[in-house]
Amino acid sequence: MSRLAIIGTVVFLAIYFFLSPAFARTPRIDVIEVDGVISPASAEYITKNLARASRAGAEALIIVMDTPGGLDLSMRTIIKEILNSDIPVVVFVGPSGARAASAGAIITLAAHVAAMAPGTNIGAAHPVAMGGGKMSKTMEEKVVNDAAAYVESIARKRGRNAKWAVDAVRKSVSITERQALKLKVIDMVVDDVNSLVERLDGFTVSLPKGPVKMNTKGAEINFVKMGFRDKVLAALGNPNVAYILMLLGMAGLYFELANPGAIFPGVVGGISLILAFFAFQTLPINYAGILLIILALILFIAEIKVVSHGLLTVGGLISLALGSIMLFESPLPYLRPSWSVFITTIAVVGGFFIFAITLALRAQVARPQTGSEGLVGEVGLVETTLSPTGKVFIHGEYWNAESTEPIAEGEKVRVVSLEKGMKVKVVREKPDKKS
């Protein structure tokens, strides 16, 4: 056999080996979970894992979603990545009891394949003002029209019910998984991820490079767990956590300013404040609330320096309560701390400051225990008769003493002052009255 024929045979066998279905590699599907508010942290998490799945040659990325909604900017970032993805992105609203509301509904519509578990719902995508205040009628119309046009274009691109998508924005309609399937809002209803993977086999989706038929038969399902960094960022997006971190930071700075050189409270307080302000970037913050809380801290510190008989403390507690209430202004419950967290935190922090200030005030008004000031008022025994001078034993020490009247040895005396020359002036201690 000629050398050319041998080379041709080898090339043929190599091509056959890699292209033959019998030797085809096992398809891989990555699965991630998004449970909670759509925020910059969740947008980064989805974007990062979509890029990773694409580089690894995954057949698809499945996003298991349960969300009440979230930030418009984060939602648009996620949708932009999905629309331009070179691998199919499947959004599965699950497990049972989950929802895809507001931003989550629009992300589901943008997916190449949309699926829901039994007992789930989707919809209620009407935009709201992030600052909590009411938008003017003109501004509200602009925002709603923009959101409606956006969701309609996405629905039409994916061949889904554009009329329902617009109603979800304009009228905040919400439907069950069965209604969503009937209205062609989603593609299928499945029980779990395994059932979803089976149903995806042979499903054709449209990618930027053209139509692609999905091959998921016998696919390896790779569940990607959220890393420590992603968990921390997700936790910081929680308004309850952000609020507690801010108050913890304030308390730490208070301790450091009240006790310079303590170091540890200052370090903890500084770190907590930095993390809190990082979280505030993603939350609807009212800066008047922050200023009121800072004012409360100033009033608490001033109480230590100025005798106000508790008025500054009361003012600080009122300022803290008002600032906490005003801090997060949003009609959406998932973008503000719960009332239980508000009340508990204010009570704990208020009690802490009252306790600390009480100790500081007691220390200020307490009688000195050392030095000449600490000696005045002490009771001792006469060692040598005072007539008018002699020696007394006070506070574990022998002192030269002077009295205005003779006092016999062994009698009790009380110090009234410290004279020059390290001599104490004493008077006879009156005996206790017996009942």
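Residues numbered from 1 in each chain as written. Predicted model: local features only at pLDDT ≥ 70, side-chain atom pairs only at ≥ 80, totals over all residues. Heavy atoms only, no water.

## Here we look at the pairing of strand 10 (residues 210-213)
- Here strand 9 (residues 204-207) pairs with strand 10 via 4 bridges, running antiparallel. The partner of S206 across the bridge, within strand 10, is P211. (Pairing = 2+ DSSP bridges. Helix = DSSP H or I, 4+ residues; strand = E, 2+ residues; numbered from the N terminus.)

## Things to note about the nonpolar core
- Counting residues in hydrophobic clusters, the biggest one holds 52 residues, and the most contacted among them are I63, I79, I106, I107, I122, W164 and V185.
- Per-element tally for this core: the top contributor is helix 5 (residues 137-157), with 7 residues.
- Setting aside anything within four residues of it in sequence, one finds I106 in contact with M75, I79, A125, Y150, V151 and I154.
- Counting residues in hydrophobic clusters, the runner-up holds 27 residues, among them L273, F280, F300 and L327. (Core = buried A, V, L, I, M, F, W, Y, C linked by side-chain atoms within 4.5 Å. Buried < 20%, exposed > 50% of the residue type's maximum accessible area, 1.4 Å probe, protein only. Contact = heavy atoms within 4.5 Å.)

## Some words on helix 13 (residues 311-327)
- Between the first and last C-alpha of helix 13 there are 24 Å, a value that for 17 residues agrees with the 24 Å anticipated at 1.5 Å per step.
- Listed in full, the buried residues belonging to helix 13 are T313, G316, S319, L320, G323, S324 and L327. For helix 13, the angular spread of buried residues about the axis comes to 130 degrees, placing them on one side. (Expected span 1.5 Å × (residues − 1). Arc of directions from axis to C-beta.)

## What about the pattern of salt bridges?
- All chains considered together, the criterion is met by 11 salt bridges.
- Between D187 and R160 there is a salt bridge whose closest N-O contact spans 2.6 Å. Of this pair, D187 sits in the loop between helix 7 (177-182) and strand 8 (188-189) while R160 is found in the loop between helix 5 and helix 6 (162-170), placing the two residues 27 residues apart along the sequence.
- Notably, a salt bridge pairs D167 with K163, separated by 3.2 Å at the nearest N-O pair. Of this pair, D167 and K163 both sit in helix 6, 4 residues apart, which is roughly one turn of the helix.
- Here the salt bridges share partners, and the residues they tie into one network are D72, R76 and D146. (Salt bridge = Lys/Arg side-chain N within 4 Å of Asp/Glu carboxyl O.)

## Digging into the packing of aromatic side chains
- Summed over the entire model, instances satisfying the criterion amount to 2 aromatic pairs.
- Between F277 and F280, the ring centres sit 5.7 Å apart and the planes meet at 90 degrees, which makes this aromatic pair edge-to-face. Taken together, the residues F277 and F280, both in helix 11 (residues 264-280) and 3 residues apart, mark about one turn of the helix.
- On the basis of relative accessibility, which here comes to 41%, the residue F277 falls in the partly exposed class.
- Classification of F280 by relative accessible area gives buried; the value is 7%.
- Note on F393 and Y398: the rings are 4.9 Å apart at their centroids and 55 degrees apart in plane angle, and the pair reads as tilted.
- According to the relative accessible area criterion, F393 is partly exposed, its value standing at 31%. (Phe/Tyr/Trp six-rings, centres within 6.5 Å; stacked < 30°, edge-to-face > 60°.)

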